[in-house]
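Structural overview for review
In case you want the letters, here they are:
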Amino acid sequence: MGKVIAITNQKGGVGKTTTAVNLSSCVAALQRRVLLIDLDPQGNSTSGFGISKRNLTGGSVYDLLTAQKTAKEAIVHTQYKVDVIPSNLALTGAALELVDVPRREARLREAIAPVVESYDFIFIDCPPSLDLLTLNGLCAADTVLIPLQCEFFALEGLSELMSTVRNTKSMYNPYLDIEGLLLTMYDGRLNLTLQVVKEVKKHFGNKLYGTTIPRNVRLSEAPSYGMPVNYFDAGSKGAKAYLDLAVEFIKRNK
């Protein structure tokens, strides 16, 4: 059965979607069966794989949560070896429509249950907020992967996120665990970066990935071409970092 990993951080701009797109692509490049679920109404993971957000004729995450489509019907097979369940702004209305629905926090988990066995890993790109959509992602997941920017305010937001994870675990998903913490926009020349690393290691120990993701212009450029960075520029620092992360991720999951 496939492992479901929610990639989440309620703070925006930490490299969450960049990680969702490029880690899933690099894991797939290492011959694993991968599905990416775009749970963010902005749909950036969707366009990151070259899928048009305006023309989702096969279905989307919104259709899953509102039971208009099955997961199998909504899956898009991409040329990058990653299957995607796409998203667009229609998803913003899902939270309102689900307010009075019983077990609304479990809609995603129940919707993807029929396809979990078809994949080795299922990544969920959660929105940068702690709302019903993110709660659905956490309830559907086995573990949580947290991208963390190397700055002071990232540590402040981390305690809030950990509180949400603990609450979700106690109320809805007792098996939820931390997959790992990933340092993004890393610059080892800065004292602040080293302080953040020290603090995260102190609290999370071996949950912190040894791989770090540097600031890299190619990582920023790849989405505008609708390509993961390992296809856009395989020789770039960003592509090499995410491939190293994929290798570390798979080793941890043997």
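Please read these numbers as outputs of a predicted model, since none were measured by experiment.

**Thoughts on the overall build of the protein**
Each helix and strand counted, the protein has twelve helices and seven strands in total. For 254 residues, the compact-globule formula gives about 18 Å, and the C-alpha radius of gyration of the protein, at 17 Å, lands near that figure. Dimensions of the protein, computed from C-alpha atoms along their principal axes, come out at roughly 50 × 40 × 35 Å. Residues classed as buried in the protein amount to 54% of the 254 residues present.

**Concerning unusual backbone geometry**
Backbone geometry follows two general trends: most residues other than glycine have a negative phi, and most peptide bonds adopt the trans configuration. Even without being glycine, Q31 reaches a positive phi, approximately 70°. Within the fold, Q31 resides in the loop between α1 (16-29) and β2 (34-38). Take Q31: its relative accessible area is 62%, and that puts it in the exposed class. In this model, R103 sits at a positive phi of 50°, which is unusual for a non-glycine residue. Assignment of secondary structure puts R103 in the loop between α5 (94-97) and α6 (107-112).

**Here's the deal with the packing of α1 against helix α12 (residues 237-252)**
Running from N to C, α1 and α12 point in directions that differ by 65°, and their axes come no closer than 8 Å. Here α12 runs roughly perpendicular to α1, going by the angle between their axes. As α1 packs across α12, the resulting crossing turns out to be right-handed. For the pair α1 and α12, contact is made by T18, T19, N22, L23, C26 and V27 and by A239, Y242, L243, L245, A246, F249 and I250, respectively.

Here is what the cut-offs are and how they apply
- Per chain, residues are indexed from 1 in the order of the written sequence.
- A pLDDT threshold of at least 70 governs which residues receive local features in this predicted model, and a stricter bar of 80 or more applies before side-chain atom pairs are shown or counted, although totals over entire chains, interfaces and linings include all residues.
- Only hydrogens and water are set aside when side-chain values are computed; all heavy atoms of the structure are taken into account.
- Helix and strand labels come from DSSP, where a helix needs a run of H or I of at least four residues and a strand needs a run of E of at least two; each type is numbered from the N terminus.
- We compute the radius of gyration from the C-alpha atoms alone; for a globule the expected value is 2.2 Å times N to the 0.38, where N is the number of residues.
- Partly exposed describes any residue whose relative accessible area lies between the buried limit of under 20% and the exposed limit of over 50%, with all areas from a 1.4 Å probe on protein chains only and scaled to the type maximum.
- To obtain an axis, a line is fitted to C-alpha atoms, over the contacting stretch when the element is a helix, and the angle between two such axes runs from 0 to 180 degrees between their N-to-C directions.
- Between 65 and 115 degrees an angle is taken as roughly perpendicular, under 35 as roughly parallel, over 145 as roughly antiparallel, and anywhere else as oblique.
- Handedness of a crossing follows from how the near helix is turned relative to the far one, being left-handed for an anticlockwise turn of less than a right angle and right-handed for a clockwise one.
- Throughout, a residue-residue contact means that at least one pair of heavy atoms, one from each residue, lies within 4.5 Å.

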